[in-house]
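Letter by letter, the chains look like this.
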Amino acid sequence: MRKWNFSAGPAAIPEEVLLEAQNEMLEWQGSGMSVMEMSHRSEEYMTLADKARQDLIDLLEIPSNYQVLFLQGGATLQFSMMPMNFGSNKVTDYLLTGSWSKKAVNEAKNLTSVNIVASSEESNFNHVPNEGDWNCSSDAAYLHYVANETIQGNALHAPPASNAPLIADMSSVILSEPIDVSKFSMIYAGAQKNIGPAGLTICIIQDEFLDLASTELPGMLQYAKHADADSMFNTPPTFAWYLSGKVFAWLKGNGGLNSMGKINNLKARKLYDFIDGSNLYSNPVAIENRSIMNIPFLLANSDLDSIFLQESKSAGLLNLKGHRSVGGMRASVYNATPPEAIDALINFMGDFETKHG
Ligand SMILES: Cc1ncc(COP(=O)(O)O)c(C=O)c1O
């Protein structure tokens, strides 16, 4: 029996999508084979792949001067590909707001000259430093930030003003609400949260910025090669691309990102309001920087953590353990986690507080 899944990633996938995939598992639309057994260069697969790309373009309203790449290597490979392609022998600006931006910085340090424009590390990444206080370089090749820090649960809700080309890691926030893609030179995201299964990374790059990318790297590491080959420079992750296409179609059929944004904001507000009103639970993030996708919370008495996890699991609420680096709890509430799941979680948390608080 399926239960409410609050995993940070790989995360819940809409049940309708899983059922459709189940139906097509042995044979995809009269082709005599499953999608997994099909050449990525076959007419059938190319049609499916193009539709998925177009649906993503429609959902995010991606302007026509952007390339949409379906890559591998996770968001982690982007931490290196980005400075390799755009940052060698240059200064690059990084905002440091959590574990993922720190990983991006650490990879970039080997490949480019990194300037940290601002950091909230000294306060355990409990906020995003005020934009007015950032120390940006005058000649940075780009400014990188993580739009939503999955582990600490903080977010920068609007793209910052930047003279340098703006790059955002949107792994845990893409497709959760509308964004203005034209503000960015590049956006990237690992799929395994709001897009589909692990194994796929989406990269959206403005053509003018792509023209600046290195052409001296190994082919697999060049954005331009992937763009020229329509993301088929080598065999792409065909099943992940297919399933992500189904998620895009599901999103379109459910009102697109305006509708998702409204639902997600209501879901998050309900849970934050409950946490703020309780004596047992607390969320450490500055209110204006609270994530709508990853909601960490601490119990006033950490001795109760293991009982909370045991009892929540028995109540059908899965994967509430916070990341091992920060402890406590975390509810990740991506698109596929419906309002009913939030209600079930809040009911459980209320009962738990009555019993143990
Ligand atoms: C914001 C963010 N960036 C990067 C990553 C790393 O992604 P991957 O494991 O796909 O390399 C994650 C993974 O959870 C993430 O949440």
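Residues numbered from 1 in each chain as written. Predicted model: local features only at pLDDT ≥ 70, side-chain atom pairs only at ≥ 80, totals over all residues. Heavy atoms only, no water.

Checked against the element boundaries, Ser185 lands in the loop between strand 8 (166-169) and strand 9 (186-190). Apart from residues lying up to four places away in sequence, Ser185 is in contact with Tyr66, Pro165, Leu166, Ile204, Ile205, Gln206 and Phe209. (Helix = DSSP H or I, 4+ residues; strand = E, 2+ residues; numbered from the N terminus. Contact = heavy atoms within 4.5 Å.)

The next subject is empty space enclosed by the protein. Enumeration according to the criterion identifies 2 cavities of 30 Å³ or more in this entry. Within this model, the largest cavity holds a volume of roughly 70 Å³. For the largest cavity, the full set of lining residues is Ala12, Ile13, Pro14, Lys193, Asn194, Ile195, Gly196, Val247, Trp250, Tyr334, Asn335 and Ala336. Space inside the second largest cavity adds up to approximately 40 Å³. Lining the second largest cavity are Ala21, Glu24, Met25, Ser34, Val35, Met36, Phe239 and Tyr242. (1 Å grid on protein atoms, 1.4 Å probe; cavity = no way out; pocket = protein on both sides within 12 Å on 5 of 7 lines; lining within 4 Å. Points joined across faces, edges and corners; volume = space filled by probe spheres on them.)

A few words on the domain arrangement of the protein. By the assigned domains, the protein splits into domain 1 (15-253) and domain 2 (255-356). Domain 1 and domain 2 are separated by 26 Å when their C-alpha centres are compared. Listed per partner, the contact involves 26 residues of domain 1 and 26 residues of domain 2. Summed over both sides, the interface of domain 1 with domain 2 buries roughly 2,100 Å², with 55% coming from carbon and sulfur. (Domains from an automatic or database assignment. Buried area = accessible area lost by both parts, 1.4 Å probe.)

Right, let's talk about the site of the ligand for a bit. Near the ligand, the surroundings consist of Gly74, Ala75, Thr76, Phe79, Trp100, Val146, Asn148, Thr150, Asp169, Ser171, Gln192 and Lys193. Between an oxygen atom of the ligand and a side-chain N or O atom of Thr76, the distance comes to 2.5 Å. With the chains in place, 85% of the 400 Å² that the ligand exposes on its own is no longer accessible. The leading source of residues in the shell around the ligand is helix 3 (residues 74-86), at 4 residues. Looking at the shell around the ligand residue by residue, the classes come out as 4 nonpolar, 6 polar and 2 charged. (Near = heavy atom within 4 Å. Polar contact = N/O pair within 3.5 Å; in protein donor to acceptor, adjacent residues only side chain to side chain. Areas by Shrake-Rupley, 256 points an atom, 1.4 Å probe, with all protein chains shown as cover. Nonpolar A, V, L, I, M, F, W, Y, C, P; charged D, E, K, R; others polar.)

All right, on to helix 3 then. Between its first and last C-alpha, helix 3 extends 18 Å over 13 residues, near the 18 Å set by a 1.5 Å rise per residue. Those residues of helix 3 that fall on the buried side of the exposure criterion are Ala75, Gln78, Phe79, Ser80, Met81, Met82, Pro83, Asn85 and Phe86. (Expected span 1.5 Å × (residues − 1). Buried < 20%, exposed > 50% of the residue type's maximum accessible area, 1.4 Å probe, protein only.)

Another point: the nonpolar core. Core analysis: the largest hydrophobic core is formed by 84 residues, its most contacted members being Leu175, Tyr281, Phe308 and Met349. Element by element, the count of residues in this core is highest for helix 7 (residues 238-253), at 8 residues. Each of domain 1 (15-253) and domain 2 (255-356) contributes no fewer than three residues to this core. Beyond its immediate stretch of four places on either side in the chain, Tyr281 contacts Phe274, Ile275, Phe297, Leu298, Leu299, Phe308, Met349, Phe352 and Glu353. Core analysis: the second largest hydrophobic core is formed by 25 residues, Leu69, Val105, Ala108 and Tyr188 among them. (Core = buried A, V, L, I, M, F, W, Y, C linked by side-chain atoms within 4.5 Å.)

With that out of the way, let us pick up the sheet that holds strand 12 (residues 294-299). Strand order in the open sheet formed by 3 strands is 11-12-14, and the pairing between neighbours is antiparallel. Only two strands of the sheet have a single neighbouring strand rather than two, namely strand 11 (281-282) and strand 14 (329-332). Sheet analysis places strand 11 next to strand 12, joined by 2 bridges and oriented antiparallel. Counted as the bridge partner of Tyr281 is Leu299 from strand 12. Across the face of the sheet, helix 8 (residues 256-277) comes into contact with strand 11, strand 12 and strand 14 while running at roughly 15 degrees to strand 12. (Pairing = 2+ DSSP bridges. Axes fitted to C-alpha atoms, helices over the stretch in contact; angles between N-to-C directions.)

Moving on, we come to the UniProt feature "binding site: L-glutamate" (unreviewed entry) in the protein. Mapped onto this numbering, the UniProt entry gives "binding site: L-glutamate" (unreviewed entry) at Arg41. Looking at where Arg41 falls in the secondary structure, it is placed in the loop between helix 1 (15-24) and helix 2 (43-60). (UniProt positions renumbered as here; feature names shortened; annotations may be inferred.)

Before going further, it helps to examine the layout of surface pockets. Roughly 420 Å³ of internal volume is contained in the largest pocket. Together, 23 residues line the largest pocket, and Trp4, Glu15, Ala336, Thr337 and Pro338 are the ones closest to its centre. Counting residues per element, the ones that place at least two in the lining of the largest pocket are strand 1 (4-5), helix 1 and helix 8. At 4 residues, the largest contribution of residues to the lining of the largest pocket is made by helix 8. Considering only residue class, the lining of the largest pocket consists of 12 nonpolar, 6 polar and 5 charged. Split by domain, the residues of the lining of the largest pocket number at least three in each of domain 1 (15-253) and domain 2 (255-356). Roughly 280 Å³ of internal volume is contained in the second largest pocket. If you trace the second largest pocket, you find 20 residues lining it, with Trp100, Thr150, Ser171, Gln192 and Lys193 closest to the centre. The biggest single contributor to the lining of the second largest pocket is helix 3, with 4 residues. Along the lines of polarity and charge, the residues of the lining of the second largest pocket split into 6 nonpolar, 11 polar and 3 charged.

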